[in-house]
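# Structural characterization, general
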Amino acid sequence: MFNKISSLKFIQRQIVVLILALAYSAIAFSQVSTHVTGKVTNEKGEAISGGSVTIVGNTKGSLTDQNGIYSIDVNANGSLLFSSLGMESQTIAVSNRTLIDVTLKSKEEALGEVTVVAFGTQKKESVVGSITTIRPSELKIPSSNLTTALAGRLAGVIAYQRSGEPGADNANFFIRGVTSFGFSNNPLILVDGVEMTIRDLSNLQVDNIASFSILKDATATSLYGSRAANGVILISTKEGKEGKASVSVRYETAISSPTQNIKLADPVTYMKLQNESITTRD
């Protein structure tokens, strides 16, 4: 009886040892380290430099070099998280592979709306200076003069016309009130970084404008010095893009006529009335 109980205990110990051995083997197998390399590119096949490659559930990671190449040691059954600025992140299981190439897609919503600021562009929400932007499509009015389209469309900008005479109907405008009683109150106008006059601005076609910004306060205009005391108007025109050629056509027509035709005197009648007026005055 005693020998039978001893045999059962021995068998139980052997079973426990076997189970522990199998468990240890499974854990050791799952934690086998695999050296994984590969290349990270964008949708155009261009290498992504400085991309992040991290192990899921771990703080260990790596960065891609200037050629988009990375290398990292990871568990054979682990997963890698690939990410980069402005790109959608991807999580890929290793599955005992040693070579994993990844293509990241761009994030459309990360592009955001940009604003032209002095010598570059910034995301609109990161601008701290007083800058007003307007979509070029909002400047399309039934007029060939761009300066007349600014009135009432931009906060802080007051535009006015001194004459309606053809060729002399350009609108003058000032930003945030009259800042000087000296030589000129006109703002600094820069088109693609080149200074222009109001007459040059009036001849600019709205369809050629890519962005239209107005810098109003000292913070926004500081890079231009005293020349920007009356504000700065920054305009960027459209540029050619790689791809298929596209043609845009906009056709407008208008007919204008006086509300009433004034009857004019003929030359003889005019001379008689002129002589009569002189005689009457004398």
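Residues numbered from 1 in each chain as written. Predicted model: local features only at pLDDT ≥ 70, side-chain atom pairs only at ≥ 80, totals over all residues. Heavy atoms only, no water.

Below, the discussion takes up the confidence of the model for the chain. Across the chain, the average pLDDT comes to 75, with 75% of residues at or above 70. Averaged pLDDT values over the elements of the chain bottom out at 50 in strand β9 (residues 120-123) and peak at 92 in strand β7 (residues 102-103). In the model, residues 122-128 has pLDDT below 50 throughout and makes 16 contacts with residues more than four positions away in sequence or in other chains. (pLDDT = per-residue confidence, 0-100. Helix = DSSP H or I, 4+ residues; strand = E, 2+ residues; numbered from the N terminus. Contact = heavy atoms within 4.5 Å.)

Let us look at the sheet that holds β7. One open sheet accounts for three strands, arranged β4-β1-β7; its pairing is mixed. Edge strands, defined here as strands with exactly one partner in the open sheet, are β4 (69-75) and β7. Across seven bridges, strand β1 (residues 33-41) lies against β4 in antiparallel orientation. From the neighbouring strand, Ser33 faces β4, where its bridge partner is Asn75. (Pairing = 2+ DSSP bridges.)

Where the residue is not glycine, phi is negative for most of them; where a peptide bond is considered, it is trans in most cases. At Ser95, a position not held by glycine, the phi torsion is positive, near 55 degrees. Within the fold, Ser95 resides in the loop between β6 (90-93) and β7. Using a relative accessible area of 48% as the deciding quantity, one classes Ser95 as partly exposed. Residues other than glycine seldom take positive phi values, yet Asp192 does so here, at roughly 55 degrees. (Buried < 20%, exposed > 50% of the residue type's maximum accessible area, 1.4 Å probe, protein only.)

Moving on to the nonpolar core. Core analysis: the largest hydrophobic core is formed by 21 residues, its most contacted members being Leu139, Phe212, Ile233 and Ile235. Residue assignment for this core shows that the elements contributing at least two residues are β12 (171-175), β13 (188-191), α2 (198-202), β15 (209-215) and β16 (232-237). Take this core: its biggest share by element is three residues, from β15. For Phe212, the contacting residues outside a window of four places in its chain are Thr132, Thr133, Ile134, Leu139, Leu150, Leu154, Ile233, Leu234 and Ile235. Formed by 16 residues, the second largest nonpolar core is a distinct cluster that contains Val53, Ile55, Phe82 and Val102. (Core = buried A, V, L, I, M, F, W, Y, C linked by side-chain atoms within 4.5 Å.)

The subject of this paragraph is the sheet that holds strand β10 (residues 131-134). With mixed pairing, five strands are arranged side by side in an open sheet as β10-β15-β16-β13-β14. Edge positions in the sheet fall to β10 and β14 (194-196), since each of these pairs with one other strand and no more. On average, each strand axis in the sheet is inclined to that of its neighbour by 25 degrees, with strand direction left out of account. Pairing between β15 and β16: six bridges, direction antiparallel. (Axes fitted to C-alpha atoms, helices over the stretch in contact; angles between N-to-C directions.)

Here Thr237 lies in strand β16. Among the polar contacts made by the side chain of Thr237, one reaches the side chain of Asp192 at a distance of 2.4 Å. Among all residues touching Thr237, those that are not within four sequence positions of it are Val191, Asp192, Asn208, Ile209 and Ala210. (Polar contact = N/O pair within 3.5 Å; in protein donor to acceptor, adjacent residues only side chain to side chain.)

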